[in-house]
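Fold and geometry: a report
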Amino acid sequence: MEFTAKQIAEFVGGRVEGNENATVYTFAKIEEGTPGALSFLSNPKYTHYLYETKSSVALINEDVELEKPVDVTLVRVKNAYESVARLLQLYESMKPAKKGIDALASISPSAKIGQDVFIGAFAVIGDGAVIGDGTQIYPHTVIGDGVTIGAKCVLYPNVTVYQGCKLGNNVTIHAGSIIGADGFGFAPNTEGYMKIPQIGIVIIEDDVEIGANTCVDRSTMGQTVIHKGVKLDNLIQVAHNCEIGENTVMSAQVGLAGSTKIGSWCMVGGQAGFSGHIQVADKTFVGAQCGVISNTKGDGQQLIGSPAMDTKVFFKAKALYAKLPDMYRQIAQLQREIEELKNSKS
């Protein structure tokens, strides 16, 4: 399906510079543009590609100033990254959704399957499970007994949802992820470690997306909760009884120890780690490889380093760290001079 620059501008609330009848039918990175492609520019590092791209239309921010003429038709918007995301969502929504149940799927007679559901080959749906309308269950995915999954969810191949867990509407879980495995609970005794049964569940609310090979453990008692709008990257560990607030995003390899409470609208960089039984306030920014070991102070705090500290304090300390060898030599010299003065007076 083709769209004109004018139609794109109307959809995203932008303004056309150039040929408003220029048509596109695909997407391309601005440095790899081809005729008929729509590209975007949001990172200033890529501005030079704007003058040489072969794409037919490019989305750019309103405040971008051109240094020379361009061949590509421009659509100026407030936020190019957000606008291309909306267009990609539109593009995806036009693809026909998978429907139908493969003959090789295993579905319990007591399971309840909604309308327009897709269940792929070798998928397993357990006793009493409920699958909402329009949900897609890809091959080799296992839905445990008593699991509830809402409408328009997508569970890609080899996802496992353990017994009793609950997923809301419009939840996407990528391949290999595990929802509801036992939390890591063992009590030491004279013979070793006694397993503590994990009898709680995982609740995932609406509009959550979870990347590949991520694990969200069931609670010891009660619930592990991923609230509405949360986006988790690949290879993340969410331990038992954790809670992640609405619209928080986490990059790959983040680890949450048990009973960690993360607020809403937080941003967490890759490989950050959280100690158990702490609370992170709303809108906290946690840098990559940060180690958070205690409660955070308040909304909007920016943390970096391990153990985590305010970014201003961290960079001051980092500047001093580079000077430590010289400072050590100076202190050693001062100690020698002090000793010489003492010896001269004795």
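Look above for the structure.
An account of the accompanying structure is given in this report.

Here the amide bond leading from Ser 306 into Pro 307 is cis, since omega sits at 0 degrees, within 30 degrees of zero. Examined against the element boundaries, Pro 307 turns out to sit in the loop between β39 (302-304) and β40 (309-310). One non-glycine residue, Asn 241, lies in positive phi territory at about 65 degrees. Looking at where Asn 241 falls in the secondary structure, it is placed in the loop between β29 (237-238) and β30 (243-244). Owing to a relative accessible area of 15%, Asn 241 belongs among the buried residues under this scheme.

An α-helical turn contains 3.6 residues, so any two residues separated by three or four positions project in the same direction. If you check helix α3 (residues 311-345), its first and last C-alpha atoms are 48 Å apart, about what 35 residues at 1.5 Å a residue would give, namely 51 Å. Where α3 bends most, the angle comes to about 50 degrees, and this point is Lys 323, followed within four residues by the proline Pro 325. Listed in full, the buried residues belonging to α3 are Thr 311, Phe 314 and Ala 332. A distance of 3.0 Å separates the backbone nitrogen of Lys 312 from a side-chain oxygen at the start of α3, and that oxygen is part of Asp 310.

Across four bridges, strand β22 (residues 186-189) lies against strand β23 (residues 192-195) in antiparallel orientation. By the bridge assignment for β23, Pro 188 is matched with Tyr 193. Connecting β22 to the antiparallel partner β23 that follows it, the hairpin turn spans two residues.

Now for the sheet that holds strand β32 (residues 255-256). Picture the strands of a sheet paired through backbone hydrogen bonds; they go either parallel or antiparallel. The strand order across the open sheet built from 10 strands is β9-β12-β15-β18-β21-β26-β29-β32-β35-β38, with neighbouring strands paired in parallel fashion. Two strands bound the open sheet, and with one partner strand each, they are β9 (106-107) and β38 (291-292). Relative to strand β26 (residues 215-217), strand β21 (residues 178-181) runs parallel, the two being bridged by three bridges. Across the sheet, the residue bridging to Ala 181 is Asp 217, located in β26.

Criteria and cut-off values
Residues numbered from 1 in each chain as written. Predicted model: local features only at pLDDT ≥ 70, side-chain atom pairs only at ≥ 80, totals over all residues. Heavy atoms only, no water. Helix = DSSP H or I, 4+ residues; strand = E, 2+ residues; numbered from the N terminus. Buried < 20%, exposed > 50% of the residue type's maximum accessible area, 1.4 Å probe, protein only. Expected span 1.5 Å × (residues − 1). Bend = angle between axes of the 7 residues up to and from the residue. Polar contact = N/O pair within 3.5 Å; in protein donor to acceptor, adjacent residues only side chain to side chain. Pairing = 2+ DSSP bridges.

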